Amino acid sequence: YATSEEKDMVIIGGGVAGYVAAIKAAQLGLKVSCIEKRGTLGGTCLNVGCIPSKALLNNSHLYHTVLHDTAGRGIEVGDVKLNLAKMMSSKEDSVTGLTKGVEFLFNKNGVEYIKGAASFTGEHDLKIELNDGGERTISGKNIIIATGSEAMPFPGLEVDEKRIITSTGALSLDKVPEHLVVIGGGIIGLEMGSVWSRLGAKVTVVEFQERIGGPGMDVELAKDSLKFLKKQKINFKMSTKVMSGDASGDKIKLELEAAKGGKQETLEADVVLLAIGRKPYTGGLGLENIGIEPDEKGRLVIDSEYRTKIPHIRVIGDCTFGPMLAHKAEEEAVAVAEYIVNGHGHVNYGTIPSVMYTHPEVAWVGQTEEQLKEDGVTYNVGNFKFSANSRAKTNLDTEGYVKILADKETDRILGAHIIGPNAGEMIAEATLAIEYGASSEDIARTCHAHPTLAEAFKEAAMSAYGQPIHQ
Ligand code: FAD
Ligand code: NAI
């Protein structure tokens, strides 16, 4: 089957899934090529996802704090101005630094980086349309598809990334919109809604469900997160469906309807952000040439070792099953390289944390109360509020709490749900605890530095174990 050069592993897509698999496989001794058409490595996450969104979340939070939250801290500031262009260029600097960093790692590990779009011409063979013009062919003993995902479209509202935007446009607006309407109160809607609200836009989130946060967030935290975001003056239209939109006039007009039917209204917006979910991206891969068909949700079907029905073609990351998260893609990337080289790999899908980087942050891992009830598992709840945590008090940042769910019989931690400052960092401790099968007593008896926010995690564990001190 060798039409040209043959590699041990050819990876399509240089996102988190693809680039990590490339580095890992090279470290395990394989000859690896990674094909990426974007022009830069790092995929959605580094270029138009995790990284730029967190840069804007961090700096918009700082701006908002300086504007509204300095007086009580004894800091008097003068004229505070937003320089949006500078905020955007600082975001770009973070992105470029990291995407170049991946290129450096490719060089260091001897991974060949091919800039172009790949499609299958045979089960081992790919044609690459090179970004610089021209074509090339390559064949791989193993081929990894890691082509990621894209925003779900909304019928009737055509994305121009200026007025009708996806998260990509929301990361690069050149002025603060007067009224930003966000369709979908999931993670993207709430993170990007927070950014633009802090920078001065009126923001209205229209959410079909009764709750925000998308699937997976514990209901109690979803309710409290809604409460905190409303306090920040983000408007919500809950249990409301956007039926249609018209962007032909000066203002974009959206027709809304109560989710259960009945009440209708029109909402006018300057910019509309579509944030109703993402779907696998496999366009242009030529899958029809090798007889692989995505399932009804567009996902490529795999077995427990990431193999498609053609065993040397494997799939990882957003374009297959599981949560669309960068760290999930990364775990799969390491595992797939290990399966190929060593015959065994491992990802624990029960310990993949989720973080929503709003303020306060919301983070969780393991099971929710709803899941435990559904499975008939009896559990203890340990809870500790940040308003009783010394570090949160010194920081004047006390919204939220830690909730730990532990098995009633064994005390083993089954889930941890945190809403509060730095929840996204603290969830690592919970993840490690669950991974190692820790009980809440194990955490309660582990010394935590004082004064830290992490003590709230220890106190919640003490409460689950029935022996709180500061409560
Ligand atoms: P991708 O990163 O999408 O990479 C796939 C790559 O394949 C792309 O670069 C694409 O150009 C390339 N490609 C596709 N087809 C071809 C082809 N035929 N030939 C060559 N190249 C091709 N996750 C988190 O864990 N934390 C976060 O904070 C977070 N924030 C996010 C914020 C936003 C706004 C968005 C949109 C997503 C966010 N995510 C976050 C999700 C995260 O970005 C994805 O889970 C992650 O990027 C998936 O990695 P991947 O490698 O599977 O796919
Ligand atoms: P999502 O699935 O999280 O949320 C979409 C929301 O839109 C749901 O609440 C849904 O009920 C609602 N919705 C759907 N159709 C609607 C309609 N017609 N009208 C009103 N509401 C409607 O999807 P989202 O926010 O687009 O994010 C996609 C994925 O990107 C996430 O699930 C996550 O995997 C990833 N991501 C992760 C981040 C993180 O880890 N911090 C940040 C951003 C994205």
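It should be emphasised that the depicted structure is a prediction, and the values quoted were computed from it without experimental measurement. (Residues numbered from 1 in each chain as written. Chains lettered and ligands numbered in written order. Predicted model: local features only at pLDDT ≥ 70, side-chain atom pairs only at ≥ 80, totals over all residues. Heavy atoms only, no water.)

Glancing now at the pattern of salt bridges. Inspection of every chain in the model, using the stated rule, returns 25 salt bridges. Between Lys 279 and Glu 150 there is a salt bridge, with its nearest N and O atoms 3.8 Å apart. With Lys 279 in strand S15 (residues 278–280) and Glu 150 in strand S6 (residues 149–151), this residue pair connects regions lying 129 residues apart in the sequence. With relative accessibility at 31%, the residue Glu 150 sits in the partly exposed group. The shortest N-O distance in the salt bridge between Asp 218 and Lys 403 comes to 2.8 Å. One end of the pair, Asp 218, is in the loop between strand S9 (202–206) and helix H7 (219–231); the other, Lys 403, is in strand S20 (residues 401–407), with 185 residues separating them in the sequence. In this structure Lys 403 comes out as buried when scored by relative accessible area, which is 0%. Bridged by salt links that share partners, the residues Glu 5, Lys 7, Glu 112 and Arg 136 form one connected network. (Salt bridge = Lys/Arg side-chain N within 4 Å of Asp/Glu carboxyl O. Helix = DSSP H or I, 4+ residues; strand = E, 2+ residues; numbered from the N terminus. Buried < 20%, exposed > 50% of the residue type's maximum accessible area, 1.4 Å probe, protein only.)

Let us now look at the site of ligand 1. Within the structure, ligand 1 sits among 36 residues, and Glu 36, Thr 44, Lys 54, Asp 318 and Ala 326 are positioned closest to it. A distance of 3.0 Å is found between a nitrogen atom of ligand 1 and a backbone nitrogen or oxygen belonging to Ala 118. Within the backbone of Leu 325, one N or O atom sits 3.2 Å away from an oxygen atom of ligand 1. In the complex, the protein chains occlude 94% of the 1000 Å² of accessible area that ligand 1 would expose alone. Where the shell around ligand 1 is concerned, the elements lending two or more residues are helix H1 (16–27), strand S2 (32–36), helix H2 (43–48), helix H3 (50–68), strand S3 (112–120) and helix H8 (326–342). Ranked by residue count, the leading element in the shell around ligand 1 is H2, at four residues. (Near = heavy atom within 4 Å. Polar contact = N/O pair within 3.5 Å; in protein donor to acceptor, adjacent residues only side chain to side chain. Areas by Shrake-Rupley, 256 points an atom, 1.4 Å probe, with all protein chains shown as cover.)

Ligand 2 sits among 25 residues. The nearest are Glu 191, Glu 207, Gly 277, Met 324 and Val 355. Ile 188 places a polar main-chain atom, nitrogen or oxygen, 2.9 Å from an oxygen atom of ligand 2. Backbone polar atom of Phe 208 to a nitrogen atom of ligand 2: 3.1 Å apart, as the coordinates give it. The fraction of the free accessible surface of ligand 2 (850 Å²) that becomes covered by protein chains is 80%.

Here we come to the sheet that holds strand S11 (residues 240–246). Pairing is antiparallel in the open sheet, where three strands are placed in the order S11-S12-S13. In this open sheet, the two strands that pair with only one neighbour each are S11 and strand S13 (264–269). Between one strand and the next, the sheet's axes are offset by a mean angle of 30°, whatever the strand orientation. Where strand S12 (residues 252–258) and S13 come together, six bridges link them in antiparallel fashion. Note that in S13 the partner of Leu 254 across the bridge is Leu 267. (Pairing = 2+ DSSP bridges. Axes fitted to C-alpha atoms, helices over the stretch in contact; angles between N-to-C directions.)

Attention now goes to the state of the cysteines. Under the criterion given, the structure shown has one disulfide. The residue that forms a disulfide with Cys 45 is Cys 50, at a sulfur-sulfur distance of 2.3 Å. Handedness of the Cys 45-Cys 50 disulfide follows from its S-S torsion of about -130°: it is left-handed. Cysteine Cys 34 remains unbridged, with the sulfur of Cys 319 as its closest cysteine sulfur at 13 Å. Among the residues examined, Cys 34 registers a relative accessible area of 0% and is labelled buried. (Disulfide = S-S within 2.5 Å.)

With that settled, consider helix H11 (residues 423–435). Given a rise of 1.5 Å per residue, 13 residues ought to cover 18 Å, and the 18 Å separating the end C-alpha atoms of H11 matches this to within 8%. Within H11 the residues assigned to the buried category are Ala 423, Gly 424, Met 426, Ile 427, Ala 430, Thr 431, Ala 433 and Ile 434. Taken end-on, H11 shows its buried residues confined to a sector of 160°, consistent with a single buried face. H11 presents Glu 425 and Leu 432 as exposed residues on the side facing more than 90 degrees away from its buried surface. Two residues or fewer after H11 comes Gly 437, characterised by a positive phi angle close to 70°. (Expected span 1.5 Å × (residues − 1). Arc of directions from axis to C-beta.)

In the structure shown here, the tally under the stated rule is two aromatic pairs. Here Phe 106 and Tyr 113 contribute two aromatic rings whose centre-to-centre distance is 6.1 Å and whose plane-to-plane angle is 80°, an arrangement assigned as edge-to-face. By relative accessible area, which is 18% here, Tyr 113 ends up buried. (Phe/Tyr/Trp six-rings, centres within 6.5 Å; stacked < 30°, edge-to-face > 60°.)

UniProt records the feature "binding site: FAD" (unreviewed entry) at Lys 54, Thr 147, Gly 148, Ser 149, Asp 318, Met 324, Leu 325, Ala 326 and His 327, using the numbering of this structure. For Asp 318, the location among the structural elements is in the loop between strand S16 (313–315) and H8. The exposure class assigned to Asp 318 is buried, which follows from its relative accessible area of 16%. In this structure, Asp 318 is in contact with Gly 148, Ser 149, Pro 280, Met 324 and Leu 325, ignoring residues within four places of it in sequence. Engagement of the side chain of Asp 318 in a polar contact is seen with the side chain of Ser 149, the distance being 2.7 Å. (UniProt positions renumbered as here; feature names shortened; annotations may be inferred. Contact = heavy atoms within 4.5 Å.)

So, on to the sheet that holds strand S17 (residues 354–356). The antiparallel open sheet is built from five strands, whose spatial order is S17-S18-S21-S20-S19. With partners counted over all chains shown, the strands left at the sheet margins are S17 and strand S19 (379–385), one partner each. Neighbour-to-neighbour, the strand axes of this sheet turn through a mean angle of 10°, independent of strand direction. Alignment of S19 against S20, held across seven bridges, turns out to be antiparallel. Bridge pairing in S20 links Phe 384 to Val 402.

Where strand S1 (residues 5–12) and strand S5 (residues 135–145) come together, seven bridges link them in parallel fashion. Counterpart to Ile 12 in the pairing with S5 is Ile 145. Relative to S5, strand S4 (residues 125–130) runs antiparallel, the two sharing five bridges. Bridging across to S5, Ile 128 finds its partner in Arg 136. Taking the residues that link successive antiparallel strands as the turn, the S4-S5 hairpin has four residues, and the phi of Gly 133 there is positive, at about 100°. Sheet analysis places S5 next to S16, joined by three bridges and oriented parallel. Across the sheet, Ile 145 pairs through a bridge with Val 315, a residue of S16.

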